[in-house]
Amino acid sequence: MWLNLMLSWIFSLGISRSGANSPRPGPGNRVPTPQPSCGTLSLHPTVACLGTPLTASCTLDPSCLQIGHARPGDIVWRLNGETRQLPLNQSIAGNGTVTVVTVLRAERPHGELSCYLPHRSSLHLLGLAEYQAGVPPGDLQVEHCVSFWGGNITCYWDPGPETYLPTTYTLHVTEEAGHCLWKFRDTGTCVSSRESPSCTIPVENLFASFQVRLTAVNLLGRASAADKCVHGMSIVKLSPPEVSATADRSDCFRLAWRQPNEELLRVTDARYEIRYRDVDGASWMQVDVTAAEDAPASKEVCGVSPFTSYSIQVRALYRSDTFPWSDGGPSWSAWSHERFVRTLPAAPSRGPALWRKIATPDSDGRSEIILMWKPLQPKEANGRILTYSLRWQRRGEPAVLLACLTRSLQCALELPASEEHIFFLTASNSVGESPASKLLIPAVQAQAAQGLGGERQTVLPPQQRGHPKPSPGRASLSTIPGLLSVPPLLPLLVSPASNRSLLLQWDPPGFAAAAYVFEWGRASENRGQNSSWRYEPGNISRAVLAEAIEPGYLYSLTLFALSDGAVQAAGSTSTYSKQIAPFRAPTLHPTRVWPSQVEVQWEEVPLEEQGGFIRNYTISYEEQGKDAQAVVVNGSVRRYLIAGLAPDSVVRVGISISNDGGSTQGSVLSIRTRSLDDGKVELLLSSLCVGLVVLLITAALACVLKHPLIQGCLWPQVPDPAKSHLASWLPQKMWLDLGNFPVQQSKEQRVGYPDFPFRGVSGIICGQQEEMMMCKSFLESTWTPEVSSAGDKYRQPLQTIFLQGDVTTPDHSQARRQSKVEYSTVIVWAYPGDAPPSSTAPWPQPTPQSPESSGPSREPGWKICFQSPSCEPLDGSCWRCSQQQDGGPASLGAFPLLRTLVVEGSGDLQPNGDHPAGALSSVTP
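From a predicted model like this one, the values you see are computed outputs, not experimental measurements. (Residues numbered from 1 in each chain as written. Predicted model: local features only at pLDDT ≥ 70, side-chain atom pairs only at ≥ 80, totals over all residues. Heavy atoms only, no water.)

Before going further, it helps to spend a moment on the overall build of the protein chain. A tally of regular secondary structure across the protein chain gives nine helices and 51 strands. For the protein chain, with 925 residues in total, the buried portion stands at 43%. If you take every contact in the protein chain between residues at least 6 apart in sequence, the share linking residues at least 24 apart comes to 68%. As displayed, the protein chain has an accessible area near 49,300 Å², and 53% of this comes from carbon and sulfur atoms. (Helix = DSSP H or I, 4+ residues; strand = E, 2+ residues; numbered from the N terminus. Buried < 20%, exposed > 50% of the residue type's maximum accessible area, 1.4 Å probe, protein only. Contact = heavy atoms within 4.5 Å. Areas by Shrake-Rupley, 256 points an atom, 1.4 Å probe, with all protein chains shown as cover.)

Moving on, we come to the packing of aromatic side chains. This model, assessed by the stated rule, comprises 12 aromatic pairs. Relative to Y310, the ring of Y276 lies with its centre 6.0 Å away and its plane at 70 degrees, an arrangement referred to as edge-to-face. One end of the pair, Y276, is in strand 21 (residues 270-278); the other, Y310, is in strand 24 (residues 309-318), and 34 residues separate them in sequence. Both residues of the pair, Y276 and Y310, belong to the buried class. An aromatic cluster of three or more residues is present, and its members are F253, Y276 and Y310. When the ring centre of F307 is taken as origin, the NZ or CZ atom of R342, which lies over that ring, is 4.0 Å away. (Phe/Tyr/Trp six-rings, centres within 6.5 Å; stacked < 30°, edge-to-face > 60°. Lys NZ or Arg CZ within 6 Å of the ring centre and 35° of its normal.)

Turning to the state of the cysteines, a few remarks are in order. Scanning the entire structure with this criterion turns up five disulfides. Across a sulfur-sulfur distance of 2.1 Å, C252 and C302 are joined as a disulfide pair. One disulfide, between C252 and C302, carries an S-S torsion of 115 degrees and so falls in the right-handed class. Here the residue C252 occupies a position in strand 20 (residues 252-258), and C302 occupies one in strand 23 (residues 298-302), the gap between them amounting to 50 residues. On the basis of relative accessible area, C302 is assigned to the partly exposed category, the value being 38%. (Disulfide = S-S within 2.5 Å.)

On to the sheet that holds strand 23, then. Read across the open sheet, the three strands follow the order 19-20-23; overall the sheet is antiparallel. Two strands bound the open sheet, and with one partner strand each, they are strand 19 (242-246) and strand 23. Averaged over neighbouring strand pairs, the angle between their axes works out to 20 degrees when direction is ignored. Relative to strand 23, strand 20 runs antiparallel, the two sharing five bridges. For R254, the partnering residue across the bridge sits in strand 23 and is E300. (Pairing = 2+ DSSP bridges. Axes fitted to C-alpha atoms, helices over the stretch in contact; angles between N-to-C directions.)

Attention shifts here to the side chain of R275. Along the chain, R275 turns up in strand 21. The side chain of R275 sits in the buried core without any salt bridge; E338 is the nearest counter-charge, 6.9 Å away. There is a polar contact of 2.6 Å between the side chain of R275 and the side chain of Q313. Once you skip the residues sitting within four places of it in the chain, R275 turns out to touch W284, M285, Q286, S311, I312, Q313 and W335. (Lys, Arg positive; Asp, Glu negative; His and termini not counted. Salt bridge = Lys/Arg side-chain N within 4 Å of Asp/Glu carboxyl O. Polar contact = N/O pair within 3.5 Å; in protein donor to acceptor, adjacent residues only side chain to side chain.)

Turning our eyes to something else, we now look at the nonpolar core. Within the largest apolar cluster, 45 residues are counted, with the highest numbers of intra-cluster contacts made by I153, L171, L214, F253, L255, W257 and Y272. The contact partners of F253, leaving out residues within four places of it in the chain, are T246, A247, Y276, K299, E300, V301, V304, Y310, I312 and V341. If you look at the next biggest cluster of nonpolar residues, it comprises 29 residues, including I358, M372, W533 and A570. (Core = buried A, V, L, I, M, F, W, Y, C linked by side-chain atoms within 4.5 Å.)

We now examine the sheet that holds strand 39 (residues 566-576). Hydrogen bonding along the main chain pairs the strands of a sheet, whether they run parallel or antiparallel. Overall, antiparallel pairing links the four strands, which are arranged 36-35-38-39 in an open sheet. What marks the edges here is a single partner per strand, and that holds for strand 36 (532-537) and strand 39. When the angles between neighbouring strand axes are averaged without regard to direction, this sheet yields 20 degrees. As judged from the 10 bridges shared by strand 38 (residues 554-563) and strand 39, these two strands associate in the antiparallel manner. Looking across to strand 39, one finds that S556 is bridged to S574.

It is worth spelling out the confidence of the model for the protein chain at this point. Chain-level statistics for the protein chain give a pLDDT mean of 75 and a share of 67% at 70 or above. Every residue in residues 733-772 scores below 50 in pLDDT, and together they form 62 contacts with partners more than four places removed in sequence or on other chains. Overall, residues 898-925 carries pLDDT values under 50, and its contacts beyond four positions in sequence, including any with other chains, amount to 79 contacts. (pLDDT = per-residue confidence, 0-100.)

As a further point, take the environment of L60. One can find L60 in strand 3 (residues 53-60). Judged by its relative accessible area of 0%, L60 is buried. A sequence separation of 12 residues divides L60 from P72, and the C-alpha atoms of the two residues are 8.0 Å apart. Among residues more than four places away in sequence, those in contact with L60 are C38, G39, L65, I75, T97, V98, V100, L117 and L126.

You can see S649 is positioned in the loop between strand 44 (639-642) and strand 45 (650-659). Residue S649 is classed as buried on the basis of its relative accessible area of 9%. One polar contact links S649 to E623, side chain to side chain, over a distance of 3.1 Å. Residue contacts for S649: discarding those within four places in its chain leaves E623, I671, R672 and T673.

Applying the stated rule across the entire model yields 28 salt bridges. The salt bridge involving D269 is made with R266; its shortest N-O contact spans 3.1 Å. The salt bridge involving D564 is made with K438; its shortest N-O contact spans 3.3 Å. One end of the pair, D564, is in the loop between strand 38 and strand 39; the other, K438, is in strand 32 (residues 437-441), and 126 residues separate them in sequence. Take K438: its relative accessible area is 31%, and that puts it in the partly exposed class. Each member of the salt-bridge network shares a partner with another, and the members are E175, R185 and E204.

Let's shift gears to unusual backbone geometry. Cis peptide bonds are those with omega within 30 degrees of zero, and the linkage from H44 to P45 qualifies with -5 degrees. Relative to the elements of secondary structure, P45 occurs in the loop between strand 1 (39-44) and strand 2 (47-49). Phi is positive for E262, which is not a glycine, with a value near 50 degrees. In this structure, E262 sits in the loop between strand 20 and strand 21. Located in the positive-phi region is D564, a residue other than glycine, with phi close to 55 degrees. With relative accessibility at 53%, the residue D564 sits in the exposed group.

A few words now on the pairing of strand 28 (residues 387-394). Relative to strand 31 (residues 421-428), strand 28 runs antiparallel, the two sharing eight bridges. In the sheet register, R391 faces strand 31, and the bridge partner there is F424. Bridge count between strand 28 and strand 29 (residues 401-406): five bridges; the pairing is antiparallel. Note that in strand 29 the partner of W392 across the bridge is L401. Between the end of strand 28 and the start of strand 29, which pair antiparallel, lie six residues, with G396 showing a positive phi angle near 90 degrees.

This paragraph deals with a nonpolar patch on the surface. On the surface, L676, V681, L684, L685 and L688 cluster together into a nonpolar patch covering about 440 Å² of accessible area. Mapped onto the fold, L685 is located in helix 4 (residues 678-705). (Patch = residues over 30% accessible without salt bridge, like charges linked within 9 Å, V, L, I, M, F, W, Y side chains within 5 Å.)

Residue position: G51 is located in the loop between strand 2 and strand 3. Note on G51: relative accessible area 37%, which makes it partly exposed. Between the C-alpha atom of G51 and that of G134, which follows or precedes it by 83 residues, the distance is 8.9 Å. Excluding its chain neighbours within four sequence positions, the residues that come into contact with G51 are R105 and A106.

Written as structure tokens, this is what we have:
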């Protein structure tokens, strides 16, 4: 028992592994051949007619049913990868196997059936079988047979309906005597397939009768065609003729041909057919030919175009009337190789299409006229055009003058605008000249009948919608003086023929129009610069314009009706071949901004960028923190006012433009509303202005009332030198210190003082003996510093300068400036030695040095000191003299007002410090 359970478990593992490894077929996937398993599948029949039933049997081994408690009813059937619910019928054999039988129909030419047993959530493949389905061959029919001089017969047949099965077609050809009475030679056979419904069998003699039989066989059956009896010569197919062609005229060419390999004894034994066409065309022209007896096969074909290349081919048909009983007749040979021939040129058949552009008359009354024409078509030129001749004639004059002889397609002339002109144009080639084309240009007084307007003389109905503006610098119909009347209006209807073409329709005018001229171009400000024009005969009432037409652009079209070279009627319109979305949207600009309103405006999109007729604009705006809103306005509106906004908020405004072809979204503009209204801002500004005026008035009154106080603070009282002590003191003697003057200036000063001794030093200089004594007495005296009234009045920081040694020597002359003053009282004294006198001693007791030894000598001499009499210590000591920070020498030159104030009075010097007027005293500049 345990052994049986173990074997069952091992066997179940093998089944599950086999089922797991087996692929799960999906729709359209072919299931590979399964590994040996516990089941098999058989299908009968494997080849069947479409729609007939097939019987499938899936046999299961008992071990399959023991695993997983499987049942026969659990079998899954799949047909061509698709699961099918098929009727089941099961039977149990004596050995325990179970056979499940189902019936299905062959619905497709090829099928694949498989059965599966579910096991552990997967499908275990039990068996796989394939079948084929189709139909037996249908009725066959031999269409025709042909024989070739090479000694073979080829037959063609109709294979009949599709069989969906491989089918073999066999052709049997037997040479027989008489009217297919008995077999003369062995039968020849040829096998072919359905894809090649023809077969060729070699024969030895074409002058014999042949019986033709055709059979078809496949897995479902066979079929045969009705037998045919043909004569070898009655089904002859000749070889293609050999052709040659020449042309010696402008309207005819000649060709000749012959049959190769001497297939015909006489040329009259066959019929011939010629076909030719223009090499630039597509249609063929055919001509039947019957060759004449005892003449070569040839033919002259006339009625062709001059100077045109033609392609020519010929084929032949054998004439067999002696075998009426034969099932089949002769066949046309294949067309011969193409031969090319070119006819000779001829004079042009008509004159070129002629038109004009007329500029505005200048101040001299002359207009520039540009005559332009179209090149002739090859069928009209009849050769290569060599020159164009433009002739000109004034109205009422018989003389016709040659205006232009050119190879180009236009000619510019400058002619009087007040005269009527007639032009004639001809084209010439190597053979001759074409008929003349005529064009009449009336005088200015009658140019209304011709539609003078800018470069292009077009007459446009004033009520036409979308009429473009006239070109700048060009005259329009309404601005030309002396015009009589416009030509009769020619009603014109235009509609799109396609995205790149326009269909024009009109009613014929009341006169016999000789020709029509179409003018069209993009409607824009520079209209007329790149316009196109076309010339058509006068027997039409509709035309399609496909040249230079693009979708999304507005085109202005004008139709002129000409009679005898003059414009007799005109009509105009404008339209789009197809409207598309605008090329761009306009740009928004804010015009005015309020706290709760915003006004925006936009410019009109140029006509070239509109893409169609503008229908409306959509203004969309979104305020910060609120939902977006949109407003649609008419296409003629250019500004919009947005209301209901919050102060000091940001609103995003966008615009889109729409026409019949679509819409285009523009950029978004962000605008911040104001926080205050204009009235509040004006009130605030007015208040500020009033306050500023009151403040200015108050300041002005204060200046008037407090003038002395303000003047004393801003402009202090400056002492008048005329009212000082110097004004009443006239010294008896005076010395000038020129030691610090430049050399050249010192020389000039000496000229004015011939008796003054210049020694090149700065200091007190004495000239006479008594003067020297006075200087000595002055220097040896001690004085008590006196503070003048000026020093009491102006108590400002003063300046003390101490001069050491010889002032002419800059190395020994140092000074220090402690403050800068403009006016001060200065006392001058001198002392010997290097150190200043002590502050405790009123004056030093110097030992004077003679003036003779104080000149250029470097020995220490008298020292001179300038000091404020107020003795206000500036740097700690009023008697201390120091050097300047920059190390420069100090002298009287540092005091411009003291340079010439070294004076000597006439009074006696008082040792106690008192001195009379005129003696050396404090100097107040």
